[in-house]
There are 4 protein chains.
Amino acid sequence: MIIMKTDATQEQIAHVIKEIKRYGLRADVSKGAYRTVIGIIGDERKIPFDHFAALPGVKEARGIEIPYKLISREYSKFLEGEGERRAIKVGNIEIGGDEPVFIAGPCAVESKEQLLKIAEGVKKAGAHILRGGIFKPRSSVHSFQGLGAGGWEEAEAALDWLHEAGERFELLTITEVRGEAQVDLAAEYADILQIGTRNMYNQDLLTKVAGKNKPILFKRHFGAGVEEFLSFAEYIAAEGNKDIILCERGVLPVGKGKSYTRYILDLASIPAIQKETYLPIVVDPSHATGRRDLIFNMSCAAIAAGASGLMIEVHYNPTEALVDGQQMITPDELKDVIDACQRINKLVLPMRNKR
Amino acid sequence: MIIMKTDATQEQIAHVIKEIKRYGLRADVSKGAYRTVIGIIGDERKIPFDHFAALPGVKEARGIEIPYKLISREYSKFLEGEGERRAIKVGNIEIGGDEPVFIAGPCAVESKEQLLKIAEGVKKAGAHILRGGIFKPRSSVHSFQGLGAGGWEEAEAALDWLHEAGERFELLTITEVRGEAQVDLAAEYADILQIGTRNMYNQDLLTKVAGKNKPILFKRHFGAGVEEFLSFAEYIAAEGNKDIILCERGVLPVGKGKSYTRYILDLASIPAIQKETYLPIVVDPSHATGRRDLIFNMSCAAIAAGASGLMIEVHYNPTEALVDGQQMITPDELKDVIDACQRINKLVLPMRNKR
Amino acid sequence: MIIMKTDATQEQIAHVIKEIKRYGLRADVSKGAYRTVIGIIGDERKIPFDHFAALPGVKEARGIEIPYKLISREYSKFLEGEGERRAIKVGNIEIGGDEPVFIAGPCAVESKEQLLKIAEGVKKAGAHILRGGIFKPRSSVHSFQGLGAGGWEEAEAALDWLHEAGERFELLTITEVRGEAQVDLAAEYADILQIGTRNMYNQDLLTKVAGKNKPILFKRHFGAGVEEFLSFAEYIAAEGNKDIILCERGVLPVGKGKSYTRYILDLASIPAIQKETYLPIVVDPSHATGRRDLIFNMSCAAIAAGASGLMIEVHYNPTEALVDGQQMITPDELKDVIDACQRINKLVLPMRNKR
Amino acid sequence: MIIMKTDATQEQIAHVIKEIKRYGLRADVSKGAYRTVIGIIGDERKIPFDHFAALPGVKEARGIEIPYKLISREYSKFLEGEGERRAIKVGNIEIGGDEPVFIAGPCAVESKEQLLKIAEGVKKAGAHILRGGIFKPRSSVHSFQGLGAGGWEEAEAALDWLHEAGERFELLTITEVRGEAQVDLAAEYADILQIGTRNMYNQDLLTKVAGKNKPILFKRHFGAGVEEFLSFAEYIAAEGNKDIILCERGVLPVGKGKSYTRYILDLASIPAIQKETYLPIVVDPSHATGRRDLIFNMSCAAIAAGASGLMIEVHYNPTEALVDGQQMITPDELKDVIDACQRINKLVLPMRNKR
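What you see is a predicted model; the values in this text were computed from it and never measured.

**Here we look at the sheet that holds strand 2 (residues 26-31) of chain A**
Residue and element names in this part refer to chain A.
Then step 1. Pairing in this open sheet of 4 strands is antiparallel, and the strands run 2-3-1-4 from one edge to the other. This sheet does not close on itself; its edge strands, each paired only once, are strand 2 and strand 4 (58-61). On average, each strand axis in the sheet is inclined to that of its neighbour by 20°, with strand direction left out of account.
Then step 2. Sheet topology places strand 2 next to strand 3 (residues 36-41); 6 bridges connect them, and they run antiparallel. Pairing of Ser-30 across the sheet is with Val-37, part of strand 3.

Shown next, in the form of structure tokens:
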């Protein structure tokens, strides 16, 4: 990490970058409110920090030992003052600001009618972002894989419905990209691109998606610890894209016997992650619990734990959904969830800030 | 399960019990607001339910397939109406009622002075029950095992301090019993007996503690699923003691790399467990996270998830505690936690009841 | 599953396939020693099996409820007689036959000299297949990502060395493809393509690699159960490629405290998997244990458990390896391993067959 | 750890022990082939090692940082030379020597006839030790808990059958003690006492059992890491009883979906544990897999991995067993297992010693 002086010139910055390349490494240049900080991508042990500290315009040069340095608070504090979180602005929505953000919609897009009807419902309920899966990752090749499995034309049609639904109901849109070949197409239509839990470790996909310069909702793998989760988010940041919305969606259940929830929702990871990074983190209670009747409680709990928002599966008639009907709630139920969460947030926010 | 008619006589009930014994099984007799229900302890497959259904005073006789039938809602609904939870009354405190209950105190009792000073602090902060460990389960024989390790005299002295602190500051008291030999002594002094996480599977201890007819705080093992947790609570219920306070305290972390919390707090187990049993459930965020700086957020989240109370480690000076200092908070911080939790509970309770 | 009569004609088979397509599903056609069996890819519940049973040339038509039916023994027994395993032939090597197969080489290809020297060593030690990573999946973007990270030219050069080393020392070659963009290039040079543990769930990559019609070594994800592992292998089989070599490489450690092995090697999964599928399974003790000093014992154990081969990381000087030096053994140590394994296999094979 | 000089006198040793007590700690005195070593039980940080190093007869005084120092190789090497394992002698059997030891018998003792018939069978098959559960730990209070649940008389009768069967067929005997109250009685009848997986963390039981000065078979908890396993074995050693036979019996399964084995048998823990401690370790493939059809393979694998013996559930008619029938094998199958294991041991032992 090379911290530049507040009055460092463009030439001085360019010189530092050139020097980093000379050592076979890449540079991440972040311009903050106060100064420019240059991160080093690659093995820092190759860098003679003393040499860099002596370059013109450089205030300080030193290594960071954590594997997720570009998204760390250690890194951001030189840019924007210690303790600052960085909210991500998408359209007129701010993710990671004082208000929780609600992402809602069907698990899978099934038809234009279905999507529009759900979009209208979630908008009325108070949601900000419309979700809809077109390329569905499934644990069996014999299950419905989303409309995107029908070919590129069907995929584009479904993406177009998503875009149209977003326009009509003034909702931002998000959809998952499951494979590298889908990235370009999805990026044309959706406002936010989602990396699913099973792709958290897919570094080639991360790198490709990062390059589209769109915000990315990045889900934790269900078998990953927090350190791995952040280390793979770093693959996105290393491409210069720091508009990363982290998403906790549950980890593998423990123990023997029947599981009462699909996964274990790791809510303590939220404040723990907020101590490590300036990135916002949201929660997906639908996949975590797999149970409609637990969504209200776990949504309240997630916001009380400090989450910046929620991603919830919604269907006007959950029982007829092709995928995941047992975990979907109705737009009316979503309204209750949003109402409760906003009130909890209003209550805890000042208490949290006071501390 | 033998459901008696509302007008069944004592003789009819006694006859059913006699019949159950004749098949080599034990009977659990629960008298509810409406009627008496007789549970069968042991292998129900030996029971000819038709025979029992035909006995005088019997309304219905049938098996329950779950391994925790005596504590199930299936069982309680015939007693008290569907949907009822059963609050446990200890002194003038109700655990599982509309108000959250706060259990607080040091991890380990270290001296009379330490205990009285902390008791005074937690009382002022609004706690209801004083905790203090005398027989400490530890993962190394070379670590401090609590004052109880010094011999029975030292143990009794420490238990007496706990009792005195409770009296002086009008707090109920709770302490852990780690082995069978400690049960009688601890039951003389403490209002509630605690079974620790490592003893969840210790059925001989459960049976012995159950026999003291005191309320029992029963912690989930960190490697146990919900079904096992409830199945072992059933060992206590099978002794006729249903004053069981379940306690979620975190399960084993998943994944590779550094752990940011000691365990994973499984808050979704709270509403999931509440669908299964009428027993109250509380949360221990101190052991679950192992981090003082996460207690506020996770306490709020636990109450928002529907917990009936919290168990929190408190010390006036966490850095000088012999055990677990890194996860203790001060009485002042506890006051903030209790204040926030009570406000969240007031907010979510009516919304939850409405649903 | 449509089981054809032994004398079914090509026309009859083609007609069945056409009918399956009419229901919006895909067909997998397997010609066995005895007859042709046609598997259905997609949601079988859409299929009227009665209708298919009545088609000319059809012996039997019925569903299989497991999610990995195309690779199941249930499926193969109609082709080749119950109990048969299917060995995969690559060059003059048979994987899944009576003799264990040894795959060995460096974790990462570092230079032509390094690779040739190791290739010579492992050949002398008795290995059959040379491994060498060019596109390395790493948990940190700041670590060495393999020569492939240097660009397509560097990648091709390294692949060419691998091919040359294979030619020179009469070894088959295997390398990992980490992302979709690497598949075409790697398939030009390597005899076997590897899917790494972190990509087990990457269905788009599986589909793409399957299409190259080369044998695939498919590693179990470290957080995956056996059912998921086989269900994702089915994604490869559904593309018509059944030359799948399964690979057990360890699952996530359990419990608290220091880990003495990197992962837990799940050797019981080997005979368990062999009851489910006709595919061969090999073991990677290097990544599973992460410890050079455990390779000998765990290699012996894997073969004793019934594995069809081993994949072992080898370096002439482990301490100078850029990646994973602590788990590599020398060619001399490999010779001991191969010797012991062959003798154990000779001992247990007839006893196993007898049973 | 205080290492005495080879010519240290009894007085000098007694003086060191007295000094340790003066610091409020306990002493473990081990007399080896070469010298006496005195271990410190409790928090070593209280000890001024310089002071101890200067005492007469003391060669060296220093701390060991691992939590299982009394059973560590670090400790034993001063006693018996580096690399030595310590075999435990019970009757004329040696556990941890060059020959594998076979423990076999029913899961639960059901009747005298059943036990004698099985004892005869396992003796003929080549087993050395007869197992039979009388106090059965069960996950449901409604399941059969062993004959010991019928009262102390029934328990004593069953223990007597075990003893008689051992006498008659020249087998040593082992039975599990599940609670503290059972220790005295079981110790009167059985040659070896077993601590089950669910009691690994039950330190009060460990301490009580240790005091009987009988060999103890100590099972790893299914949710415990190796460090915890050894740290709890240390509770036994700290009572002066080092005749501890460790037993690996499988850890919690990972991942989603159907489990194909009851637990995951962690065979790599065997050589890993052997690097840490001089204690012998055996394997229980019956509980680990829960599948009769995997016992042969996993027994072979365990011995190939270096285990000192096996504990296998055997019944002449597995389908009529009251508990765990699906994982039991017949005496004939046991004979095959023992035969294969002895031949594998003969093969790998010299190769392992050579290395």
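Let us keep going from here.
**Notes on the interface of chain C and chain D**
Then step 1. Counting from both sides, the interface comprises 50 residues of chain C and, opposite them, 50 residues of chain D.
Then step 2. Summing both partners gives a buried area of about 4,200 Å² for chain C against chain D, and 65% of it is carried by carbon and sulfur.
Then step 3. Counting the contacts that link chain C with chain D gives 2 salt bridges.
Then step 4. In this structure, the salt-bridge partner of Asp293(C) is Lys275(D), at a minimum N-O distance of 4.0 Å.
Then step 5. Those elements that place two or more of their residues in the side of chain C that touches chain D are helix 8 (226-237), helix 9 (269-276), helix 11 (295-305) and helix 12 (331-354) of chain C.
Then step 6. In terms of residue count, the dominant contributor to the side of chain C that touches chain D is helix 12 of chain C (10 residues).

**A word on the relation of the copies chain C and chain A**
Then step 1. Each copy of the sequence occupies a distinct position, and chain C is placed on chain A by a rotation of 180° and an axial shift of 0.0 Å, giving an RMSD of 0.0 Å. These values place the two chain copies in the arrangement generated by a two-fold rotation axis. In terms of proximity to the rotation axis, the leading residue of chain C is Gly223(C), whose C-alpha is 2.7 Å off the axis.

**Here's the deal with the sheet that holds strand 3 (residues 36-41) of chain C**
Strand pairing in a sheet relies on backbone hydrogen bonds. The paired strands run either parallel or antiparallel.
All names here are of chain C.
Then step 1. With respect to topology, 4 strands assemble into an open sheet ordered 2-3-1-4, the strand pairing being antiparallel. At either margin of the open sheet sits one strand with a lone partner, and together these are strand 2 (26-31) and strand 4 (58-61). Averaged over neighbouring strand pairs, the angle between their axes works out to 20° when direction is ignored.
Then step 2. Sheet contacts for helix 1 (residues 10-22): strand 1 (2-4), strand 2, strand 3 and strand 4; angle to strand 2, the most-contacted strand, approximately 155°.

**Re the interface of chain C and chain A**
Then step 1. Opposite the 36 residues of chain C that make contact, chain A presents 35 residues.
Then step 2. In total, about 2,700 Å² of surface goes out of reach between chain C and chain A, with carbon and sulfur atoms giving 50% of it.
Then step 3. For the pair chain C and chain A, the number of links is 2 salt bridges.
Then step 4. Arg178(C) is paired through a salt bridge with Asp204(A); the nearest N and O atoms lie 2.6 Å apart.
Then step 5. Taken together, the links from chain C to chain A amount to 21 residue pairs in polar contact (both at pLDDT 80 or more).
Then step 6. At the level of elements, strand 3, helix 7 (203-210) and helix 8 of chain C are the ones that each hand at least two residues to the side of chain C that touches chain A.
Then step 7. Broken down by element, the side of chain C that touches chain A gets its largest block of residues, 5 residues, from helix 8 of chain C.
Then step 8. Class assignment of the residues belonging to the side of chain C that touches chain A gives a composition of 12 nonpolar, 13 polar and 11 charged.

**What about the pairing of strand 9 (residues 172-176) of chain D?**
Taken residue by residue, a regular strand's side chains alternate between the two faces of the sheet.
All names here are of chain D.
Then step 1. Most of strand 9 sits out of view: 5 of its 5 residues are buried.
Then step 2. Neither face of strand 9 is left uncovered, since the one carrying Leu-172, Ile-174 and Glu-176 and the one carrying Thr-173 and Thr-175 both have all their residues buried.
Then step 3. Pairing between strand 8 (residues 129-131) and strand 9: 3 bridges, direction parallel. Within strand 9, the residue paired with Ile-129 across the bridge is Leu-172.
Then step 4. Crossover strand 9 to strand 10 (residues 192-195) through helix 6 (residues 183-189) is right-handed.

**Here we look at empty space enclosed by the protein**
Then step 1. In the structure shown here, the tally under the stated rule is 8 cavities of 30 Å³ or more.
Then step 2. Put simply, the largest cavity is a space of about 270 Å³.
Then step 3. Taken together, 24 residues form the lining of the largest cavity, with Val254(A), Pro253(B), Val254(B), Val254(C) and Val254(D) sitting closest to its centre.
Then step 4. Grouping the amino acids of the lining of the largest cavity by side-chain chemistry returns 20 nonpolar, 4 polar and no charged.
Then step 5. Lining the second largest cavity are 14 residues, with Arg220(A), Gly225(A), Val226(A), Ser259(B) and Tyr260(B) sitting closest to its centre.

**What about unusual backbone geometry?**
Residue and element names in this part refer to chain C.
Then step 1. Phi at Glu-170 is positive, roughly 50°, even though this residue is not glycine.
Then step 2. Within the secondary structure, Glu-170 is located in the loop between helix 5 (152-168) and strand 9 (172-176).
Then step 3. On the basis of relative accessibility, which here comes to 63%, the residue Glu-170 falls in the exposed class.
Then step 4. Look at Asp-324: it is not a glycine, yet its phi comes out positive at around 60°.
Then step 5. Relative to the helices and strands, Asp-324 is located in the loop between strand 14 (309-313) and helix 12.

**Some thoughts on the packing of aromatic side chains**
Then step 1. Enumeration over the complete set of coordinates arrives at 28 aromatic pairs over all chains.
Then step 2. What links up through ring pairs into an aromatic cluster is the set Tyr201(A), Phe232(A), Tyr235(A), Phe222(C) and Tyr263(C).
Then step 3. Directly above the ring of Tyr316(A) sits Lys117(A), whose terminal nitrogen or CZ lies 4.1 Å from the centroid.
Then step 4. One cation-aromatic arrangement involves Arg86(C) over Tyr278(C); the distance from NZ or CZ to the ring centre is 4.1 Å.

**Thoughts on the environment of Val282(C)**
Then step 1. Structurally, Val282(C) can be placed in strand 13 (residues 281-283).
Then step 2. The spacing of Val282(C) and Ile303(C) is 21 residues in sequence and 8.9 Å in space, taken between C-alpha atoms.

**Description of the packing of helix 7 (residues 203-210) of chain B against helix 8 (residues 226-237) of chain B**
Two numbers describe a pair of packed helices, the interaxial angle and the distance between the axes.
Residue and element names in this part refer to chain B.
Then step 1. Running from N to C, helix 7 and helix 8 point in directions that differ by 40°, and their axes come no closer than 8 Å. The angle between helix 7 and helix 8 falls in the class oblique. Of the two elements, helix 7 crosses helix 8, and the hand of that crossing is right-handed. Every residue of helix 8 that contacts helix 7 at Gln-203, Leu-206 and Ala-210 is listed here: Phe-232, Tyr-235 and Ile-236.
Then step 2. For the contact of helix 7 with helix 8, the per-class residue count stands at 5 nonpolar, 1 polar and no charged.

**Quick look at the packing of helix 11 of chain C against helix 12 (residues 331-354) of chain D**
Then step 1. The geometry of helix 11 of chain C relative to helix 12 of chain D is characterised by a closest axis approach of 12 Å and an angle of 160° between their N-to-C directions. Taken as axis vectors, helix 11 of chain C and helix 12 of chain D run roughly antiparallel relative to one another. Crossing of helix 11 of chain C over helix 12 of chain D shows right-handed handedness. The segment helix 11 of chain C lies against helix 12 of chain D, with Phe296(C), Asn297(C), Cys300(C) and Ala304(C) engaging Ile344(D), Val348(D), Met351(D) and Arg352(D).
Then step 2. When its residues are assigned to classes, the contact of helix 11 of chain C with helix 12 of chain D shows 6 nonpolar, 1 polar and 1 charged.

Conventions we followed
Residues numbered from 1 in each chain as written. Chains lettered and ligands numbered in written order. Predicted model: local features only at pLDDT ≥ 70, side-chain atom pairs only at ≥ 80, totals over all residues. Heavy atoms only, no water. Pairing = 2+ DSSP bridges. Helix = DSSP H or I, 4+ residues; strand = E, 2+ residues; numbered from the N terminus. Axes fitted to C-alpha atoms, helices over the stretch in contact; angles between N-to-C directions. Contact = heavy atoms within 4.5 Å. Buried area = accessible area lost by both parts, 1.4 Å probe. Salt bridge = Lys/Arg side-chain N within 4 Å of Asp/Glu carboxyl O. Least-squares fit on C-alpha atoms with pLDDT ≥ 70 in both. Polar contact = N/O pair within 3.5 Å; in protein donor to acceptor, adjacent residues only side chain to side chain. Nonpolar A, V, L, I, M, F, W, Y, C, P; charged D, E, K, R; others polar. Buried < 20%, exposed > 50% of the residue type's maximum accessible area, 1.4 Å probe, protein only. Right-handed = clockwise from strand over helix to strand, strands pointing away. 1 Å grid on protein atoms, 1.4 Å probe; cavity = no way out; pocket = protein on both sides within 12 Å on 5 of 7 lines; lining within 4 Å. Points joined across faces, edges and corners; volume = space filled by probe spheres on them. Phe/Tyr/Trp six-rings, centres within 6.5 Å; stacked < 30°, edge-to-face > 60°. Lys NZ or Arg CZ within 6 Å of the ring centre and 35° of its normal. Parallel < 35°, antiparallel > 145°, perpendicular 65-115°, else oblique. Left-handed = near helix turned anticlockwise from the far one by under 90°.

Spatial relationships are all this shows, so hold off on functional conclusions.
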